[in-house]
Amino acid sequence: MLEKPVRTERDVFGEIDIPADRYWGAQTQRALELFAIGEERFPASLVRAFGLQKLAAARANRRLGALDVELAAAIEAAADEVRQGKFDMHFPLTIWQTGSGTQTNMNANEVIANRANERLGQPLGTKSPVHPNDHVNRSQSSNDSFPTVMHLASALELRDLLIPALIELNAALEVKAAEFEDVIKIGRTHLMDAVPMTMGQAFDAFAWQVANGIERLENTLPRLARLPQGGTAIGTGLNAPKGFDVAFCEEVSALSGVEFSPNPSKFEGMAAHDALAEVSGALNVVAVSLAKIANDIRLLGSGPRCGLAELVVPHDGLTSSIMPGKRNPTLAEVLAQATYQVAGNHVAVTMAAAAGTFELNVAKPVIIYNVLQSIRILADICRIFSRRLVKDLAVDRARLAANVANSLMIATSLNPVLGYEKVAQITARALKEGCTPREAALALGFLSGEEYDRLTDARRMIGTSGTADLATD
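Residues numbered from 1 in each chain as written. Predicted model: local features only at pLDDT ≥ 70, side-chain atom pairs only at ≥ 80, totals over all residues. Heavy atoms only, no water.

## A word on the side chain of S386
Here comes step 1: Within the secondary structure, S386 sits in helix α12 (residues 364–388).
Here comes step 2: Contacts of S386, omitting those with residues within four sequence positions, involve E168, L169, A172 and K391. (Helix = DSSP H or I, 4+ residues; strand = E, 2+ residues; numbered from the N terminus. Contact = heavy atoms within 4.5 Å.)

## Here's the deal with the pattern of salt bridges
Here comes step 1: Tallied over the full model, the rule gives 29 salt bridges.
Here comes step 2: Between D80 and R83 there is a salt bridge; the shortest N-O distance is 3.6 Å. With D80 and R83 both in helix α3 (residues 69–83) and three residues apart, the pair spans about one turn of that helix.
Here comes step 3: Looking at D80, the relative accessible area reads 23%, which means it is partly exposed.
Here comes step 4: K391 serves as the salt-bridge partner of D392, at 3.6 Å between the closest nitrogen and oxygen.
Here comes step 5: A residue is classified by how much of its surface remains accessible, and D392, at 42% relative accessible area, is partly exposed.
Here comes step 6: A single salt-bridge network, built from bridges that share partners, covers R59, R62, R63, E76, E250 and E251. (Salt bridge = Lys/Arg side-chain N within 4 Å of Asp/Glu carboxyl O. Buried < 20%, exposed > 50% of the residue type's maximum accessible area, 1.4 Å probe, protein only.)

## Quick word on the packing of helix α2 (residues 44–63) against helix α6 (residues 142–179)
Here comes step 1: Close contact between α2 and α6 brings their axes to 9 Å; oriented N to C, the two are set at 115°. When the axes of α2 and α6 are compared, the crossing they make is right-handed. The segment α2 lies against α6, with S45, L46, A49, F50, L52, Q53 and K54 engaging S145, F146, T148, V149, L152, A153, L156 and E157.
Here comes step 2: Here the contact of α2 with α6 is composed, by residue class, of nine nonpolar, four polar and two charged. (Axes fitted to C-alpha atoms, helices over the stretch in contact; angles between N-to-C directions. Left-handed = near helix turned anticlockwise from the far one by under 90°. Nonpolar A, V, L, I, M, F, W, Y, C, P; charged D, E, K, R; others polar.)

## Re empty space enclosed by the protein
Here comes step 1: All chains considered together, the criterion is met by two cavities of 30 Å³ or more.
Here comes step 2: Approximately 50 Å³ is the volume found for the largest cavity.
Here comes step 3: What lines the largest cavity is E9, G25, E110, A113, N114, N117, K127 and P132.
Here comes step 4: The element contributing the most residues to the lining of the largest cavity is helix α4 (residues 102–119), with four residues.
Here comes step 5: Here the lining of the largest cavity is composed, by residue class, of two nonpolar, three polar and three charged.
Here comes step 6: Quantified by volume, the second largest cavity comes out at close to 40 Å³.
Here comes step 7: Taken together, V313, P314, D316, N328, P329, T330, L331, R388 and L389 make up the lining of the second largest cavity. (1 Å grid on protein atoms, 1.4 Å probe; cavity = no way out; pocket = protein on both sides within 12 Å on 5 of 7 lines; lining within 4 Å. Points joined across faces, edges and corners; volume = space filled by probe spheres on them.)

## Side note on unusual backbone geometry
Here comes step 1: Note that the residue after S128, namely P129, is joined by a cis bond; omega there is 5°.
Here comes step 2: Looking at where P129 falls in the secondary structure, it is placed in the loop between α4 and α5 (132–136).
Here comes step 3: Across the junction of G303 and P304, the peptide omega takes the value 10°, indicating a cis bond.
Here comes step 4: With respect to the helices and strands, the residue P304 is situated in the loop between α10 (274–300) and β7 (311–312).
Here comes step 5: For A309, which is not glycine, the phi torsion reads 55° and is therefore positive.
Here comes step 6: As for its position among the elements, A309 is in the loop between α10 and β7.

## So, the pairing of strand β4 (residues 192–198)
Successive side chains on a regular strand alternate, one facing one side of the sheet and the next facing the other.
Here comes step 1: Of the strand pairs in this sheet, strand β3 (residues 184–189) and β4 are connected by five bridges, and their pairing is antiparallel. Paired with I184 across the two strands is T198, which belongs to β4.
Here comes step 2: What sits between β3 and β4 in their antiparallel hairpin is a turn of two residues, with H190 showing a positive phi close to 60°. (Pairing = 2+ DSSP bridges.)

## Examining the nonpolar core
Here comes step 1: Ranked by size, the top nonpolar core spans 114 residues in total, and within it M199, F203, L283, I297 and F385 carry the most contacts.
Here comes step 2: Ranked by residue count, the leading element in this core is α6, at 17 residues.
Here comes step 3: Setting aside anything within four residues of it in sequence, one finds F385 in contact with L169, I293, I297, L331, A332, L335 and V390.
Here comes step 4: In terms of nonpolar packing, the next biggest core, distinct from the first, is built from 19 residues, I410, L414, L418 and Y452 among them. (Core = buried A, V, L, I, M, F, W, Y, C linked by side-chain atoms within 4.5 Å.)

## What about helix α1 (residues 26–34)?
Side chains that are three or four residues apart share a direction in an α-helix, a result of its 3.6 residues per turn.
Here comes step 1: Turning to α1, its buried residues number three or more, namely A26, T28, Q29 and A31.
Here comes step 2: The secondary structure elements touched by the buried residues of α1 are β1 (6–11), β2 (14–19) and α4.

## What about the packing of aromatic side chains?
Here comes step 1: This model, assessed by the stated rule, comprises six aromatic pairs.
Here comes step 2: Pairing F50 with F146 gives two aromatic rings, centres 5.9 Å apart and planes at 55°, and the pair type is tilted. In this pair, F50 sits in helix α2 while F146 sits in helix α6, placing the two residues 96 residues apart along the sequence.
Here comes step 3: Residue F146 is classed as buried on the basis of its relative accessible area of 0%.
Here comes step 4: Between the aromatic rings of F180 and F203, the centroid separation amounts to 5.5 Å while the plane-to-plane angle is 75°, which identifies the pairing as edge-to-face. In this pair, F180 is assigned in the loop between α6 and β3 and F203 in helix α7 (residues 199–224), connecting sequence segments 23 residues apart.
Here comes step 5: For F180, a relative accessible area of 2% translates into the label buried. (Phe/Tyr/Trp six-rings, centres within 6.5 Å; stacked < 30°, edge-to-face > 60°.)

So far we have only geometry, and geometry alone does not tell us how the molecule works.
Below, the structure is given as structure tokens:
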């Protein structure tokens with residue numbers, strides 16, 4: 001087999017061979033060989049956020065006179081290409097690396113420097129006229145750049161992916177709440193029959209859970225918008241020109257369309273990642289809500305003949321490998337699995353965010369990997385769940401009507417008229433004899449058929465005003 005061509009680069013540790021067509025440099029190659037651990041790599045969103053961060057840094061350095069105009073222009077052009085995703089394949093490292101994310105920061109510096117030099121007519125690996133440390137990393141450290149990228153990527157993924165997907169799901173659930181507002185069903189508590197409600201009320205509850213989740217996520221954005229860039233090594237801003245933090249935030253805000261500002265305490269922004277823990281916590285609550293929705297829909301759609309079968313779940317085109325024609329609520333199952341992953345991710349983020357010691361948290365890669373994975377999988381499944389399941393959900397009206405007519409708890413509305421003890425006799429007799437509560441009430445001589453029907457009209461029991469009206473009969 002032919003060996004792939006390589007180029008040889010030299011750094012302070014000596015010579016090292018790098019695949020000739022790759023834009024990374026010696027530090028990335030050494031990390032690639034040292035950290036041969038796992039397969040978990042940062043998503044494209046983080047790589048592209050690095051392009052955004054390096055672009056804003058170059059612009060800020062140029063504005064402040066810290067970077068030659070010609071070099072800045074080349075860096076900005078190269079960084080913008082990284083931001084656009086043109087160099088995703090040149091970020092080969094897994095998340096298992098130095099806890100400050102130094103190797104991925106250097107990966108970005110090297111790719112951008114090589115591309116900038118190429119644009120200036122130089123071959124890969126020259127480090128001239130653009131140097132990865134001296135120019136691309138000017139006024140920066142991995143310690144403030146990586147957490148800045150963590151905030152950028154999280155804020156942009158929330159804005160562009162998850163929140164829109166949740167808004168779409170909320171709208172789909174609200175449509176179903178309106179569509180099912182007149183469909184009476186038996187509610188359940190403790191998995192047992194309770195009093196009547198509408199299917200619309202059940203879906204309204206789902207919609208509110210999602211709406212509350214959107215609000216929770218939006219409430220995290222002000223803390224995400226505070227960036228530690230400008231703190232450099234430990235928060236003091238050593239080697240960064242005065243005003244770099246402000247200039248950087250102005251540039252990154254203009255580029256991204258999100259209003260970012262300097263963290264008033266760079267020390268807090270680098271030593272602790274409470275903002276990311278907060279985001280992960282909000283994602284966890286969203287996952288809790290979605291798990292409840294997914295599992296309720298699975299149960300209400302169980303059947304079609306031997307389950308609850310109150311909901312008719314749309315066919316997804318898939319079936320069993322052994323039972324011909326079997327239809328399963330696959331998308332609800334996927335949604336549930338995604339929420340379990342998010343819950344596990346939150347445990348990892350919680351522990352990693354607590355790993356800050358003195359002036360630096362050294363579990364940054366695992367924090368952002370899990371946060372971004374949670375955002376992405378929730379966004380993807382919510383969008384598919386809305387369009388392929390919720391949109392075409394239907395109800396089995398005949399099944400629901402039969403359940404309402406046969407429910408023992410329909411007799412609860414008789415309490416204000418007969419009292420608890422007599423109603424308990426009705427339900428006990430109906431259960432023992434296998435008859436309806438209406439038949440039991442008539443047999444006991446407590447009510448006439450007309451009185452029973454009037455007092456147990458399910459449509460008058462589905463809201464608080466209905467209960468009040470019954471009490472006056």
